[in-house]
Amino acid sequence: MTAVDGAQVTLPAKRRGAQLAMLAFAVAIVMLAYANVGLAIDDQIPAGMLTYGLGLGGLMLAAYLVLAKFAPWADPLILPLVTLVNGIGLVMIYRLEAGGMPRASASTQLFWTGAGIVMFTVTLIVLRDHRALQRMTYTAGFLGLAFLIAPLLPFIGEEINGAAIWIDLGFTTLQPAEFVKIALVIFFAGYLVAKRDVLALAGRRLLFIDLPRARDLGPVLITWGVSLGVLILQKDLGTSLLIFGAFIAMLYIATQRTSWVLIGILLFIGGAVLAGLLFGHVRDRFEVFLDPGNQELFEKVGGSEQLMQGLFALGSGGILGTGLGQGHPDEIPLAFSDFIFTAAGEELGLTGLMALLMIYALLVERGLRTAIAARDPFSKLLAGGLSFILAWQVFIIVGGVTNLIPLTGLVTPFMSQGGSALLANWILIALLVRMSDAARKPPPQAIQDEGMTQVFQR
Amino acid sequence: MNGPLKRAALACLLMFGLLMVNVNYVQAVRAEDYRADSRNKRNFYDRYQVERGRILAGDQVLAESVENPESDYRFQRRYPKGPIYAHITGYFSPESESGIEQARNQLLDGSSADLLIRRSIDLFTNKASKGASVDLTIRPKAQEAAYNALRQSGKRGAVVALEPKTGAILAMVSLPTYDPNKLSTPNKGEVFAAYNKLDADKTSPLINRAISRSYPPGSTYKVLTAAAFLEDDSSRGPQTVVEAPQLLDLPNVPTAQDLPNSGGAACGTGQVSLVFALEKSCNTPFGKIGMDLGYDAMNEQASRFGIGGDPLEIPMRAADSSFGDEVDAAALAQASIGQRDNQMTPLQMAMVSAGIANNGTVMKPYLVNKVADAEGGEVEAADPEEVGEAVSPETAGKLRQMMVSVVQNGTASAAQISGINVGGKTGTAETAEGQDPHAWFISFAPAEDPKVAVAVIVESGSAGSDASGGQTAAPIAKAVMEAVLR
């Protein structure tokens with residue numbers, strides 16, 4: 001091996017041009033979809049199309065420029081993918097609003113998209129090295145718990161639609177669970193990097209599985225307890241499942257111990273059975289999952305009607321969908337929120353949903369690729385955890401609304417209407433972009449090469 | 001850490017795989033179940049997406065679709081003269097339809113194969129397909145006259161008016177009626193509540209009494225008995241003398257159940273002309289004629305008027321009419337004067353009257369004059385069809401002459417129209433104990449060249465005698481005939 005060979009190692013391409021082209025393509029798709037809705041509903045191109053188009057295009061261009069400046073080596077696919085999902089969500093909300101759905105507001109969602117992109121750029125600019133987060137492990141853990149508890153506090157906590165998951169800041173309400181998600185993943189990553197050697201120690205061996213030592217069960221049990229607490233006190237099944245699942249996945253990534261996954265699953269089943277025995281609403285969800293078409297459940301308040309309406313929408317959409325603006329997604333209660341996926345399914349059809357799931361899968365895949373390429377354990381865990389939690393969240397909510405698993409409320413990342421979720425998820429994306437930049441950046445030249453022959457390439 | 005990361009990536013892949021498989025299952029495999037579920041309102045919206053064709057009668061719009069772009073239910077059905085035409089147009093409710101709305105549904109909503117060419121053209125010219133419009137044979141003036149006259153009687157009943165030469169239905173009224181507008185809104189709750197109320201109503205306003213209900217025809221049936229008598233021997237005529245005892249002895253029944261005349265009265269001298277018997281509506285001569293001719297001859301005559309044959313579709317399906325089964329001589333005598341198992345729809349009795357008016361040839365009654373697509377192109381046009389020759393032209397002439405005499409000299413003087421010869425026959429049909437009998441009247445005019453034949457039934461409209469029934473039912477027929485002729 002000569003030094004000449006070493007110098008000719010191909011560097012990962014920045015692919016900035018490709019990224020810009022894909023970004024423009026994503027914005028163009030969204031604009032066409034937007035025009036499509038207007039033509040279908042009012043027989044004309046929506047009046048605000050130019051504003052929306054220039055607005056979204058401008059925002060994305062700004063995000064691109066910041067990314068090009070502050071994270072030039074970042075994965076070129078992440079930003080266009082997110083732009084596309086965010087844009088399609090925006091179009092669906094616009095369509096629901098045009099269809100007369102109360103509380104659906106495309107302008108609010110566009111505002112929060114803008115705010116989300118600002119958060120994205122600010123995170124990229126401020127956070128030059130994500131490893132700084134490792135120093136904030138316990139701060140993040142504390143913040144996560146504080147956010148988790150906030151909705152239960154008097155004065156600022158608020159219960160909407162039966163779930164106590166909101167805080168009222170006076171000028172706006174916030175759903176802190178989405179921020180909790182990021183804070184806790186940062187905490188888990190920092191904590192597990194510090195403790196993974198201990199947690200990976202084998203205890204007794206049962207059959208073919210190495211059990212961890214009993215005294216190391218603490219963190220798992222605490223997370224389990226917190227998740228159950230969320231479930232009991234806030235009646236928020238989704239967040240509870242999200243946090244616990246993400247913790248188990250990260251524990252596994254950190255320790256390579258399959259036993260943790262098994263313990264996690266056992267604890268989950270135990271918790272689910274316990275919750276089912278104790279709480280009517282958990283049992284109801286399960287009953288609905290087993291037989292959503294049941295007329296009695298359909299008529300019951302909080303029964304299967306919303307789920308069935310979602311399934312009706314999907315069935316009516318069929319393979320090709322009705323076309324944007326030509327279905328009746330407004331039949332689905334809260335179609336702009338948890339059920340936006342089924343609303344999209346009616347008008348974009350199976351074809352559209354497969355494409356959407358593909359986009360999410362690609363996004364997760366780019367995140368996991370970043371984790372594999374990352375050079376330090378903290379980055380690997382953080383990138384892996386954030387990617388997994390994104391996939392896990394999509395699985396829980398999309399699986400829920402399509403009756404693959406019992407329905408638990410969660411936002412569909414980047415699609416559901418809601419400021420908190422958009423802000424939090426854009427920050428999540430900024431973290432992934434930051435880490436992919438770090439991972440793909442060519443390492444500094446090794447010091448021991450310096451004394452050897454310098455090769456200049458022309 | 002790359003090993004577990006790769007396995008985590010595999011787990012994510014598995015999750016997305018499961019979601020994709022499940023979405024395929026829901027949207028491709030189970031799609032039809034979800035689409036067709038009755039709780040899925042989309043089917044119901046689709047019902048209101050099409051501009052249904054209009055239902056017309058001459059220059060009158062009986063039913064039309066009105067666009068409401070603001071609503072999820074884009075086209076809603078309106079019946080400008082609702083109750084008057086309710087049993088003809090029918091209604092267009094969220095889940096079903098009736099009347100012409102049902103019978104010509106596929107033409108009205110444009111889905112009929114007959115409109116395939118029109119739809120293809122619309123597809124290429126990018127026009128929204130509209131349904132075809134259905135033009136009825138109804139004459140609004142006659143319909144309204146029938147409706148108003150029957151309503152004035154304050155009773156339940158039905159009126160049918162036919163054009164004898166073609167069978168075209170000129171008027172068809174059934175009372176009580178309902179407002180189809182109230183059953184045709186897209187508001188399921190409201191419509192079902194209104195429907196259930198109408199359905200539970202003991203007076204059955206939803207039933208089209210003109211075609212869907214049969215009644216004993218009473219003395220109007222004596223026209224048919226007379227027809228059978230005249231057909232049996234062409235030398236017989238109005239002046240043929242028939243036996244008319246005060247009480248007709250029926251074989252094998254107690255004397256108490258023998259057949260008297262109305263009110264037990266004598267019929268002339270006991271030996272009267274056929275026309276006299278008809279004018280006075282004596283029971284005994286017709287009971288005797290029926291017994292003398294026998295069941296087969298009587299039933300044969302009935303079937304030649306279309307009674308008991310293939311069910312009529314006008315296009316709504318009419319209830320069956322029947323002379324009754326063969327039981328014994330007593331039953332035959334009773335059936336020959338329109339009692340016992342003898343059951344006729346008002347439409348059938350109008351056909352009897354029209355057949356006699358049309359020289360003995362009965363025409364198949366029909367309601368749809370023509371169907372035209374949205375651009376006015378003809379899709380379907382009425383083609384009058386014969387049911388058959390019920391009686392010879394000679395017999396028909398004799399019957400017409402006698403029926404004119406009934407109006408001029410007999411029980412039906414209330415149907416006289418000055419300057420026009422009207423033929424008619426009253427009837428009183430015994431019903432349940434304690435209820436007033438139904439009053440019937442069948443007629444045609446003008447006798448020389450009949451333009452209209454009418455059948456009227458007024459439920460419990462008679463005080464007991466034919467004369468009193470004639471007072472109730474005949475003026476209604478008169479009003480309809482006047483409306484057609486003037």
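Scroll up a little and you will see the structure.
This report concerns the structure included in the present document. (Residues numbered from 1 in each chain as written. Chains lettered and ligands numbered in written order. Predicted model: local features only at pLDDT ≥ 70, side-chain atom pairs only at ≥ 80, totals over all residues. Heavy atoms only, no water.)

**What about the side chain of Thr89 of chain B?**
Residue and element names in this part refer to chain B.
Part 1: Relative to the assigned elements, Thr89 resides in helix H4 (residues 82-89).
Part 2: For Thr89, a relative accessible area of 1% puts it in the buried group.
Part 3: Here Thr89 is in contact with Ile55, Leu62, Tyr79, Ser98, Gly99, Ile100, Glu101 and Pro180, once residues within four sequence places are set aside. (Helix = DSSP H or I, 4+ residues; strand = E, 2+ residues; numbered from the N terminus. Buried < 20%, exposed > 50% of the residue type's maximum accessible area, 1.4 Å probe, protein only. Contact = heavy atoms within 4.5 Å.)

**Comments concerning the pairing of strand S3 (residues 75-78) of chain B**
Successive residues of a regular strand alternate their side chains across the two faces of the sheet.
Residue and element names in this part refer to chain B.
Part 1: Burial along S3 is one-sided: Phe75 and Arg77 are buried, while Gln76 and Arg78, pointing the other way, are not.
Part 2: With 4 bridges joining them, strand S2 (residues 60-67) and S3 adopt antiparallel strand pairing. Residue Ser65 lies in a different strand from S3, and its bridge partner there is Arg77. (Pairing = 2+ DSSP bridges.)

**What about the sheet that holds strand S17 (residues 452-458) of chain B?**
Residues and elements named next belong to chain B.
Part 1: Overall, antiparallel pairing links the 5 strands, which are arranged S6-S5-S17-S16-S15 in an open sheet. If you trace the sheet from one side to the other, it starts and ends with strand S6 (169-175) and strand S15 (423-429), each paired once. The mean angle between the axes of side-by-side strands here comes to 5°, regardless of whether they run parallel or antiparallel. (Axes fitted to C-alpha atoms, helices over the stretch in contact; angles between N-to-C directions.)

**Considering the sheet that holds S3 of chain B**
Residues and elements named next belong to chain B.
Part 1: Pairing is mixed across the open sheet formed by 6 strands, whose spatial order is S3-S2-S1-S4-S12-S13. Either end of the sheet is taken by a strand with one partner, and the two such strands are S3 and strand S13 (378-381). Here the average twist between neighbouring strands, direction ignored, is 20°.

**As for the interface of chain A and chain B**
Part 1: With 54 residues of chain A in contact, the opposing surface of chain B contributes 30 residues.
Part 2: Taken together, both faces of the contact between chain A and chain B bury some 3,700 Å²; the carbon and sulfur share is 71%.
Part 3: Among the residues chain A hides against chain B, the three largest losses belong to Phe312, His328 and Ile372 of chain A. Together they make up 16% of the total.
Part 4: At the boundary of chain A and chain B, one finds 2 salt bridges.
Part 5: Here Glu346 of chain A and Arg42 of chain B are joined by a salt bridge, their closest N and O atoms 2.7 Å apart.
Part 6: Summed over the shared surface of chain A and chain B, the result is 14 residue pairs in polar contact (both at pLDDT 80 or more).
Part 7: When contributions to the side of chain A that touches chain B are tallied by element, the ones reaching two or more residues are helix H9 (237-255), helix H12 (295-299), helix H13 (305-317), helix H14 (340-373) and helix H15 (377-401) of chain A. (Buried area = accessible area lost by both parts, 1.4 Å probe. Salt bridge = Lys/Arg side-chain N within 4 Å of Asp/Glu carboxyl O. Polar contact = N/O pair within 3.5 Å; in protein donor to acceptor, adjacent residues only side chain to side chain.)

**Digging into the state of the cysteines**
Residues and elements named next belong to chain B.
Part 1: Scanning the model with the defined rule gives 1 disulfide over all chains in all.
Part 2: What pairs with Cys267 in a disulfide is Cys282, and their sulfur atoms sit 1.8 Å apart. When the S-S torsion is 80°, as for the bridge of Cys267 with Cys282, the disulfide is right-handed. A residue pair is termed long-range when its members are at least 10 positions apart, and Cys267 in the loop between strand S9 (259-260) and strand S10 (271-273) and Cys282 in the loop between helix H12 (274-280) and helix H13 (284-293) qualify at 15 residues. For the pair Cys267 and Cys282, one class covers both residues: buried. (Disulfide = S-S within 2.5 Å.)

**Thoughts on H15 of chain A**
Residue and element names in this part refer to chain A.
Part 1: For H15, which comprises 25 residues, the first-to-last C-alpha distance of 36 Å matches the rise-based estimate of 36 Å (1.5 Å per residue) to within 8%.
Part 2: Burial of H15 is extensive: 24 of the 25 residues sit out of reach of the surface.
Part 3: Immediately beyond the C-terminal end of H15, within one or two residues, lies Asn403, with a positive phi of roughly 60°. (Expected span 1.5 Å × (residues − 1).)

**Things to note about the pairing of strand S4 (residues 133-136) of chain B**
All names here are of chain B.
Part 1: A two-sided burial pattern is seen for S4, the buried positions comprising Ser133 and Asp135 on one face and Val134 and Leu136 on the other.
Part 2: Two elements, strand S1 (residues 55-57) and S4, share 3 bridges in a ladder whose sense is parallel. Looking at the pairing, Ile55 lines up with Val134 of S4.
Part 3: Here 4 bridges tie S4 to strand S12 (residues 368-372), and the two strands are oriented antiparallel to one another. From the neighbouring strand, Leu136 faces S12, where its bridge partner is Val368.

**Remarks on the side chain of Ser304 of chain A**
Residue and element names in this part refer to chain A.
Part 1: With respect to the secondary-structure elements, Ser304 resides in the loop between H12 and H13.
Part 2: A distance of 2.8 Å separates a polar atom in the side chain of Ser304 from the backbone oxygen of Pro292.
Part 3: Those residues in contact with Ser304 that sit more than four places away from it in its chain are Val288, Pro292, Asn294, Leu297 and Phe298.

**What about the environment of Leu14 of chain B?**
Part 1: Structurally, Leu14 of chain B can be placed in helix H1 (residues 2-29).
Part 2: Expressed as a C-alpha distance, the spacing of Leu14 of chain B and Phe124 of chain B, which sit 110 residues apart in the sequence, is 46 Å.

**Overview of the pattern of salt bridges**
As a working rule, side chains carrying opposite charge can pair if their charged atoms are close by.
All names here are of chain A.
Part 1: Tallied over the entire structure, the rule returns 33 salt bridges over all chains.
Part 2: The closest approach of N and O atoms between Arg434 and Asp437, which form a salt bridge, is 3.3 Å. Remark: Asp437 and Arg434 occur in helix H16 (residues 419-440); sequence separation between them is 3 residues, near one turn of the helix. Grouping residues by exposure puts Arg434 and Asp437 together as buried.
Part 3: Among the ionic contacts, a cluster of salt bridges with common partners joins Asp75, Glu365, Arg366 and Arg369.

**What to know about the environment of Phe276 of chain B**
Residue and element names in this part refer to chain B.
Part 1: Take Phe276: it is sitting in helix H12.
Part 2: Separated by 51 residues in sequence, Phe276 and Val327 have C-alpha atoms that sit 29 Å apart.
Part 3: Non-local contacts of Phe276, meaning those with residues more than four positions away in its chain, are made with Cys267 and Gly268.

**A short note on the nonpolar core**
Part 1: Counting 151 residues, the largest nonpolar core has Phe120 and Ile429 of chain A as the members making the most contacts within it.
Part 2: The dominant element in this core, judged by the number of residues it contributes, is H15 of chain A, at 16 residues.
Part 3: The residues touching Phe120 of chain A, leaving out its near neighbours within four places in the chain, are Ala63, Leu67, Leu79, Trp426, Ile429, Ala430 and Val433 of chain A.
Part 4: Within the second largest apolar cluster, 129 residues are counted, among which are Ala158, Phe229, Val362 and Ala414 of chain B. (Core = buried A, V, L, I, M, F, W, Y, C linked by side-chain atoms within 4.5 Å.)

**Here's the deal with the packing of aromatic side chains**
Part 1: For the coordinates displayed, the defined rule picks out 24 aromatic pairs over all chains.
Part 2: Ring geometry for Phe414 of chain A against Trp426 of chain A: centres 5.7 Å apart, planes inclined by 80°, an arrangement best described as edge-to-face. Taken as a pair, Phe414 of chain A in the loop between H15 and H16 and Trp426 of chain A in helix H16 lie far apart in primary sequence, 12 residues in all.
Part 3: Trp426 of chain A sits in the buried class, given a relative accessible area of 0%.
Part 4: Between Tyr215 of chain B and Trp440 of chain B, the ring centres sit 6.3 Å apart and the planes meet at 85°, which makes this aromatic pair edge-to-face. Here Tyr215 of chain B, found in the loop between helix H10 (209-212) and helix H11 (222-232), pairs with Trp440 of chain B, found in strand S16 (residues 438-445); they are 225 residues apart in sequence, far enough to count as distant. Across the pair, Trp440 of chain B and Tyr215 of chain B agree in class, each one buried.
Part 5: Taken together, the ring pairs in this structure connect Tyr138, Phe187, Phe188, Tyr191 and Phe247 of chain A into an aromatic cluster. (Phe/Tyr/Trp six-rings, centres within 6.5 Å; stacked < 30°, edge-to-face > 60°.)

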